[in-house]
Amino acid sequence: MKHFTNVHDLGDLKIALKEAFEVKKDRFAFRHLGHNRTLMMIFFNSSLRTRLSTQKAAMNLGMNVIVLDINQGAWKLETERGVIMDGDKPEHLLEAVPVMGCYCDIIGVRAFAQFENKQDDYEEKILNQFIQYSGRPVFSMEAATRHPLQSFADLITIEEYKKTERPKVVMTWAPHPRALPQAVPNSFAEWMNKTDYEFVITHPKGYELDPAFTGKARIEYDQRKAFEGADFIYAKNWSAYEEPNYGKVISTDRSWTVDTEKMKLTNQAYFLHCLPVRRNMIVTDDVIESSCSLVIPEAANREISAQVVLKRMLESL
Ligand code: CP
């Protein structure tokens, strides 16, 4: 695998899942692959899980790891071509990216949507410049429109805990005080649409996602109706996608918070969230602390999803 930015790069999901469970059984079995290889992780945005799990995955594979936080200690980067650089950004991405490529074998990039220009965000301007100019295989550690390492970990977790062959998976919008990107819900929808699960998305009117991601999912505006008979509840906030509200918070309606009463409508569903989560906005304390909550095993599977991706990239070098 050369680059990893979306579900399609991974090919057959059944084969990828088999590989994930092999890696999980013995995560040090492939250490030889990373010998004398260096991973560079570039963060334009904050992270806890992605940073730690990807670094751990690389170390399991015997790699050296370099981490760079662009906004803490590195030069501020200009990303627009043609700009007269007389402002606060002393370096251009077009020099910085190939320089970074000189020091490593594989690059991971985290670069969220900036909500300044929808087209730039949905064209993945920053991630694609790394692919174009670094001269190295590149993988997404959450980009403007997708978070594929998270979605792969979500899928692994569902496969581990599902009680029926074709579970009903419901992704629900939930309130949040700040404007969050659509990357996690877009990506989760893209991955669920590659399975044969029953997949339902529920959100208030005005929070419709890009149909290119929601695809064949059933959209249900009544959250309680959507929860009926669900095997998994995947909660997430996202800001509006449709213009003129792109990147804006248009509701913080706390009647959408996932609580025990709503979970009772489900088929004893498990609760999933990618974390970090705002308690009592997205989900109540009692649900996230209950035995149905899988948020910790889900986060643990981030190490496995990252390791499968890095393993495949190392095998292709
Ligand atoms: N879920 C996730 O990507 O967590 P971080 O933002 O902490 O990396």
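The structure presented is a predicted model; accordingly, all values stated were derived computationally and were not measured. (Residues numbered from 1 in each chain as written. Predicted model: local features only at pLDDT ≥ 70, side-chain atom pairs only at ≥ 80, totals over all residues. Heavy atoms only, no water.)

### Describing the domain arrangement of the protein chain
When the domains of the protein chain are assigned, the result is domain 1 (7–146 + 302–315) and domain 2 (150–299). Relative to domain 2, the C-alpha centre of domain 1 lies at a distance of 25 Å. Of the residues lining the interface, 27 residues belong to domain 1; the matching set on domain 2 comes to 32 residues. Here domain 1 and domain 2 share an interface that buries about 2600 Å² over both sides, 66% of which is from carbon and sulfur atoms. Inspection of the region where domain 1 meets domain 2 yields two salt bridges. At the junction of domain 1 with domain 2, the criterion picks out nine residue pairs in polar contact (both at pLDDT 80 or more). Looking at the side of domain 1 that touches domain 2, the elements that each hand over two or more residues are helix 1 (13–25), helix 4 (118–122) and helix 12 (295–315). Tallied by class, the residues present in the side of domain 1 that touches domain 2 amount to 15 nonpolar, four polar and eight charged. (Domains from an automatic or database assignment. Contact = heavy atoms within 4.5 Å. Buried area = accessible area lost by both parts, 1.4 Å probe. Salt bridge = Lys/Arg side-chain N within 4 Å of Asp/Glu carboxyl O. Polar contact = N/O pair within 3.5 Å; in protein donor to acceptor, adjacent residues only side chain to side chain. Helix = DSSP H or I, 4+ residues; strand = E, 2+ residues; numbered from the N terminus. Nonpolar A, V, L, I, M, F, W, Y, C, P; charged D, E, K, R; others polar.)

### Description of the pattern of salt bridges
Pairing is possible between side chains that carry opposite charge, provided their charged atoms lie close to one another. The tally for this structure, following the rule as stated, stands at 20 salt bridges. Notably, a salt bridge pairs Arg-146 with Glu-190, separated by 2.8 Å at the nearest N-O pair. With Arg-146 in the loop between strand 6 (138–140) and helix 6 (148–161) and Glu-190 in helix 7 (residues 183–192), this residue pair connects regions lying 44 residues apart in the sequence. Look at Glu-190 and you get buried, because its relative accessible area is 8%. Counted as one network, the salt bridges with shared partners bring together Glu-19, Lys-311, Arg-312 and Glu-315. (Buried < 20%, exposed > 50% of the residue type's maximum accessible area, 1.4 Å probe, protein only.)

### With respect to the sheet that holds strand 5 (residues 106–110)
Strands sit in the order 2-1-5-6 across an open sheet of four strands; the sheet is parallel. Edge strands, defined here as strands with exactly one partner in the open sheet, are strand 2 (64–69) and strand 6. Mean inter-strand twist for the sheet, computed between neighbouring axes without regard to direction, equals 20 degrees. Note that strand 1 (residues 38–43) and strand 5 share five bridges and pair parallel. Counted as the bridge partner of Met-40 is Ile-107 from strand 5. Its contacts with the sheet place helix 2 (residues 49–60) against strand 1, strand 2, strand 5 and strand 6, and it is angled at close to 175 degrees to strand 1. (Pairing = 2+ DSSP bridges. Axes fitted to C-alpha atoms, helices over the stretch in contact; angles between N-to-C directions.)

### Focus on the site of the ligand
Around the ligand lies a shell formed by Ser-47, Leu-48, Arg-49, Thr-50, Arg-110, His-147, Gln-150, Cys-274, Leu-275 and Arg-302. A distance of 2.7 Å separates an oxygen atom of the ligand from a polar atom in the side chain of Thr-50. Separating a nitrogen atom of the ligand from a backbone N or O atom of Cys-274 is a distance of 3.0 Å. Computed on the free molecule, the ligand has an accessible area of 260 Å², of which 93% lies beneath the protein chains in the complex. In terms of residue class, the shell around the ligand is made up of three nonpolar, four polar and three charged. Two domains each provide a minimum of three residues to the shell around the ligand, namely domain 1 (7–146 + 302–315) and domain 2 (150–299). (Near = heavy atom within 4 Å. Areas by Shrake-Rupley, 256 points an atom, 1.4 Å probe, with all protein chains shown as cover.)

### Describing the packing of aromatic side chains
Evaluation of the coordinates by the stated rule reveals 13 aromatic pairs. Ring centres of Phe-152 and Trp-191 lie 5.5 Å apart, and the angle between their planes is 25 degrees; this geometry places the pair in the stacked category. Linking Phe-152 in helix 6 with Trp-191 in helix 7, this pair joins segments that are 39 residues apart in sequence. When sorted by exposure, Phe-152 lands in the same class as Trp-191, which is buried. One aromatic cluster is present, formed by Phe-115, Tyr-122, Phe-213, Tyr-241 and Tyr-246 through successive ring pairs. One Lys or Arg, Lys-205, reaches over the ring of Tyr-221 and ends 4.8 Å from the middle of that ring. Seen from the ring of Phe-30, Lys-311 lies directly overhead, with NZ or CZ sitting 4.7 Å from the centre. (Phe/Tyr/Trp six-rings, centres within 6.5 Å; stacked < 30°, edge-to-face > 60°. Lys NZ or Arg CZ within 6 Å of the ring centre and 35° of its normal.)

### Focus: the nonpolar core
With 55 residues, the main nonpolar core has Leu-10, Phe-139, Phe-152, Phe-199 and Leu-310 as its most contacted residues. A total of seven residues in this core trace back to one element, the largest contributor, which is helix 12. Residue contributions to this core reach at least three from each of two domains, namely domain 1 (7–146 + 302–315) and domain 2 (150–299). Excluding residues within four positions of it along the chain, Phe-152 makes contact with Leu-10, Ala-16, Leu-17, Ala-20, Trp-191, Ser-305 and Val-308. Core analysis: the second largest hydrophobic core is formed by 19 residues, Ala-226, Phe-271, Leu-275 and Val-283 among them. (Core = buried A, V, L, I, M, F, W, Y, C linked by side-chain atoms within 4.5 Å.)

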